[in-house]
Amino acid sequence: MATPSACNEAKPGEIAKAVLMPGDPLRAKYVAEHYLEDPKCFNTVRGMLGYTGLYKGKRISVMGHGMGVPSIGLYTYELYNFYDVDSIIRIGSADGVGEDVRVRDVVIALGASTNSHFADQYGFPGLLAPTASWPLLRSAVDAAQRLGVRADVGQVFTADQFYNDNAAAGEMYRKFGILALEMETAGLYWTAQRAGKQALSILTISDHIFTGEALSPQERQDSFHEMMEVALETAWAALD
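Read on for a plain summary of the structure. Throughout this document, residue positions are counted from 1 along each chain, in the order its sequence is written. Reporting in this predicted model follows two pLDDT cut-offs: at least 70 for local features of residues, and 80 or more for side-chain atom pairs to be given and counted; totals over whole chains, interfaces and linings ignore these cut-offs and use all residues. Computation of side-chain values: all heavy atoms of the structure, hydrogens and water removed.

1. As for the overall build of the protein
Inference 1: By definition, any uninterrupted DSSP run of H or I lasting at least four residues is a helix, any uninterrupted run of E lasting at least two residues is a strand, and each is numbered from the N terminus. Per the secondary structure count, the protein includes seven helices and nine strands.
Inference 2: The globule rule puts the C-alpha radius of gyration for 240 residues at 18 Å, and the 17 Å found for the protein is close to it.
Inference 3: Taken along the three principal axes of its C-alpha coordinates, the protein extends 50 × 40 × 30 Å.
Inference 4: Exposed residues in this analysis have more than 50% of their type's maximum accessible area, buried residues have under 20%, and partly exposed residues fall in between, with area computed by a 1.4 Å probe over protein chains only. When the 240 residues of the protein are sorted by exposure, 52% land in the buried category.
Inference 5: Throughout, a contact is declared for two residues whenever any of their heavy atoms are within 4.5 Å. In the protein, 78% of the contacts between residues at least 6 apart in sequence involve partners at least 24 apart.
Inference 6: Values of accessible area rely on a 1.4 Å probe in the Shrake-Rupley scheme; residue burial ignores everything except the protein chains shown. Here the protein has roughly 11000 Å² of accessible surface; of this, 54% comes from carbon and sulfur atoms. Only the C-alpha atoms count toward the radius of gyration. The rule for a globule is 2.2 Å times the residue count to the power 0.38.

So this is what it looks like as structure tokens:
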């Protein structure tokens, strides 16, 4: 049977109902090899690796989503609409903004302010707020508490640019209570809302825009264990 997508070669039934999605496909490979039993690769197109395996007896998939709202919008749209995925959990890195947020902290995104115009396509008569799915959010908070992981829950900012020419932007984000800055969450939440599916973004702070603390690229790829474990427990619970 032909694949329904030019970007995903998975056959029907090869992708689980719950999918973890890091931006970096090598992080997807890491999760599959370190946390899933008997992982099978279902996608290599454009290097966007995807795997399905077992976690505590339940099928869970993990796949990269690339960088930025357009990229995560493409891959999650296809997972929800072509592959019948019910829940997607982004596991990514973010820049710390909040005063109490530190490098390596976990942030669970309740909602995402953004400068993206991705939602213009819907013709929504107003500003459509991109928000997390409550069942996944509740499960993630519960999982973090069980695992002893300190997790901040609040709003993040999804930016369309990596390098911001506005030097005052960071202070404004902090003034409005933004915990972290990243590039995908709003796109994921809007796509899930439109599809009537579930979505959550769980982030690890890789650097802080005010303190200057930062993790190395290798640490970003391999060391986000607490975030990964909270996400896996959340995905597992979503499959009940």
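Text resumes after the structure shown.
2. Considering the environment of Y77
Inference 1: Here Y77 is to be found in helix α2 (residues 69–81).
Inference 2: Residues Y77 and A195 lie 118 residues apart in sequence; the distance between their C-alpha atoms is 7.9 Å.

3. Re the nonpolar core
As a rule of thumb, nonpolar side chains are buried together in soluble globular proteins.
Inference 1: Membership of the largest hydrophobic core comes to 67 residues, with the highest contact counts inside it found for L79, L200 and I202.
Inference 2: With six residues, the single largest contributor to this core is helix α7 (residues 225–238).
Inference 3: Those residues in contact with I202 that sit more than four places away from it in its chain are I89, R90, I91, G92, V106, V107, I108, A140, M227, V230, A231 and T234.
Inference 4: Working definition of a nonpolar core: buried Ala, Val, Leu, Ile, Met, Phe, Trp, Tyr and Cys residues. They are joined through side-chain atoms within 4.5 Å. Formed by seven residues, the second largest nonpolar core is a distinct cluster that contains A159, A169, I178 and L181.

4. A few points about the packing of aromatic side chains
Inference 1: When the centres of two rings from Phe, Tyr and Trp lie within 6.5 Å, Trp using its six-membered ring, the rings pair. Their planes under 30 degrees apart give stacked, over 60 give edge-to-face, and anything left gives tilted. All told, the structure shown has four aromatic pairs when counted by the stated rule.
Inference 2: Taking 6.3 Å as the distance between ring centres and 15° as the angle between the ring planes, the aromatic pair formed by F118 and W190 counts as stacked. With F118 in the loop between β6 (106–114) and α3 (134–147) and W190 in helix α5 (residues 185–195), this residue pair connects regions lying 72 residues apart in the sequence.
Inference 3: With relative accessibility at 4%, the residue W190 sits in the buried group.

5. Regarding the side chain of T52
Inference 1: Topologically, T52 is positioned in strand β3 (residues 50–55).
Inference 2: Within the local environment of T52, its side chain forms a polar contact with the backbone oxygen of E14, the two atoms lying 2.7 Å apart.
Inference 3: Distance and chemistry together define a polar contact, namely a pair of N or O atoms within 3.5 Å, with one atom able to donate a hydrogen and the other to accept it when in protein, and with adjacent residues in sequence counting only for side-chain atoms on both sides. In this structure the side chain of T52 is engaged in a polar contact, spanning 2.5 Å, whose partner is the side chain of S61.
Inference 4: In contact with T52, other than residues within four places in its own chain, are E14, I15, A16, L36, D38, P39, K40, F42, R59, I60 and S61.

6. A look at the side chain of T204
Inference 1: Mapped onto the elements, T204 comes out in strand β9 (residues 198–208).
Inference 2: If we skip the residues at most four places from it in the chain, T204 touches G92, S93, A94, R104, D105, V106, F224 and M227.

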